[in-house]
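# Structural description and commentary
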Amino acid sequence: MKTKADIKNIVIAGAGIMGASFAQIFARYGYHVNLFDISDDAIAKSKELIRMNQKNTIEEGDITKEDSEKLISNISYTLDMEVFKSADFVIEAIAEKLAIKHKFWEQVSKMVSEDTILTTNTSGLSINKIAEVVNIPKRFCGMHWVNPPHIIPLVEIIAGDKTEKSTLEIVKEVALSIHRKPVLVKKDINGFVLNRLQYALIREAFHIVESGAASIEDVDHVMKYGLGMRYACIGPFETIDFGGLDIFFNVGSYMFKELSNSQEVPKLLADLYAQGAYGVKTGKGFYDYSNGQGEKAIEKRDKDFMKVSKCLHRNS
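Residues numbered from 1 in each chain as written. Predicted model: local features only at pLDDT ≥ 70, side-chain atom pairs only at ≥ 80, totals over all residues. Heavy atoms only, no water.

Formally: UniProt positions are given in the numbering used here, feature names are shortened, and annotations may be inferred rather than shown by experiment.
The name given to the protein chain in an unreviewed UniProt entry is 3-hydroxybutyryl-CoA dehydrogenase, and the organism recorded there is Irregularibacter muris. Under Pathway (unreviewed entry), UniProt gives the following word-for-word description of the protein chain: "Lipid metabolism; butanoate metabolism."

## A few points about the sheet that holds strand 3 (residues 75–78)
Rules: Pairing between strands requires that DSSP locate at least two bridges from one strand to the other. Every helix listed is a DSSP run of H or I at least four residues long, and every strand listed is a run of E at least two residues long, numbered separately from the N terminus. Lines are fitted to the C-alpha atoms to define the axes, a helix being fitted only along its stretch in contact, and any angle between axes, read from their N-to-C directions, falls within 0 to 180 degrees. By the convention used here, residues are in contact when the closest approach between their heavy atoms is within 4.5 Å.
With mixed pairing, 8 strands are arranged side by side in an open sheet as 3-2-1-4-5-6-7-8. Single-partner strands in this sheet number two, and they are strand 3 and strand 8 (181–185). Each strand of the sheet is rotated relative to its neighbour by a mean of 25°, with strand direction disregarded. Two strands pair when backbone bridges link them, and strand 1 (residues 9–13) and strand 2 (residues 32–36) are joined in this way by 5 bridges, in the parallel orientation. Residue A13 lies in a different strand from strand 2, and its bridge partner there is F36. Lying over the sheet, helix 1 (residues 17–28) contacts strand 1, strand 2, strand 3, strand 4 (89–92) and strand 6 (140–145), oriented at roughly 170° with respect to strand 2. On the sheet, helix 4 (residues 98–111) packs against strand 1, strand 4, strand 5 (117–120) and strand 6 and is oriented at approximately 175° with respect to strand 5.

## Quick notes on the UniProt feature "site: Important for catalytic activity" (unreviewed entry) in the protein chain
Convention followed: N or O atoms closer than or at 3.5 Å make up a polar contact, with two conditions inside protein: a donor-capable atom paired with an acceptor-capable one, and, for residues adjacent in sequence, both atoms drawn from side chains.
Per the UniProt entry, the sites bearing "site: Important for catalytic activity" (unreviewed entry) are H144 in this numbering. Of note is the side chain of H144, whose polar atom sits 2.7 Å from the side chain of E156.

## As for helix 4
Just so we agree on the cut-off: Here the expected span of a helix is defined as 1.5 Å times the quantity of residues minus one. Each residue gets one of three labels from its accessible area relative to the maximum for its type: buried under 20%, exposed over 50%, partly exposed in between, using a 1.4 Å probe on protein chains only.
Here helix 4 contains 14 residues, and its C-alpha end-to-end distance of 20 Å stays within 8% of the 20 Å for a straight helix at 1.5 Å per residue. Every buried residue of helix 4 is accounted for by K101, H102, F104, W105, V108, S109 and M111.

## A look at the packing of helix 1 against helix 2 (residues 40–59)
In plain terms, the rule: An angle below 35 degrees is read as roughly parallel, one above 145 as roughly antiparallel, one from 65 to 115 as roughly perpendicular, and any other as oblique. A clockwise turn of the near helix away from the far one marks a right-handed crossing, whereas an anticlockwise turn of less than a right angle marks a left-handed crossing. In this count, Pro and Cys sit with the nonpolar residues alongside Ala, Val, Leu, Ile, Met, Phe, Trp and Tyr, while Asp, Glu, Lys and Arg are called charged and the others, Gly among them, polar.
At their nearest, the axes of helix 1 and helix 2 sit 9 Å apart, and the two run at 55° to each other. In terms of orientation, helix 1 and helix 2 fall into the oblique class. Here the hand of the crossing between helix 1 and helix 2 comes out right-handed. Side by side, helix 1 and helix 2 meet where I17, A20, S21, A23, Q24 and R28 of the first sit next to S46, L49, I50, N53, Q54 and T57 of the second. Classifying every residue of the contact of helix 1 with helix 2 gives 5 nonpolar, 6 polar and 1 charged.

In structure tokens:
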């Protein structure tokens, strides 16, 4: 098994939004990165996305122009699968469909060196299911990042049933070397930790709006200017400690009964989905992103994330 010191060449499969971000992160901290895709168009879009991200990062003072140019020089792009033969560490960020991931890993896990570390960025598929086709699965695990990963530091490292402890330790060391905040998910649970918490919150947000208790905008404001500020600094268990376990016990004795326990996709979400209103990517979701507003929204989001990230790094 490779050690952290052996890992110099990172190969990223999938040149989409996530893959482009991964490339920037590793390249910034001195790794040589090969960004692989099967599409020329995807490679071209990835180059443009990296250019835009780096422009924003420079403008925010998070990196110098010289360091950004050095970062970009550490990234290579390819359509040739032979690149995996020289990989020390692979991150797969391709389509979230089990059959597609199976086809990829069945081929790639036999091409790489037997001690190459293999990771998948799936946000919901079972690590054990993906691992069924992986050659030498003890060196395979989940590595779930949060969009946009070049700004948001969390990385969930998810153990499969056949993942060796040493694999998890190496992946954690690699994550720390690029200034991420890794957390270990010890079991292959559906949605891991972040998405289970996120969807529990989303379910209640829809319940509040659909019951007529508050508008979409006001629910977003509650998160941004209340809970979001709190949870950027302390987690749910810390919140209970600060507020008092007695308070949370007493309020919980009646509040848990009031919360939604629906197991269906909320109607408001299902209706917009049926209309093809997918959010920023289509120009309309819960808000209007037409006429260039989507690009502006992404740029504002990323700059706001950078400001929060700087504060968290400063105080960590």
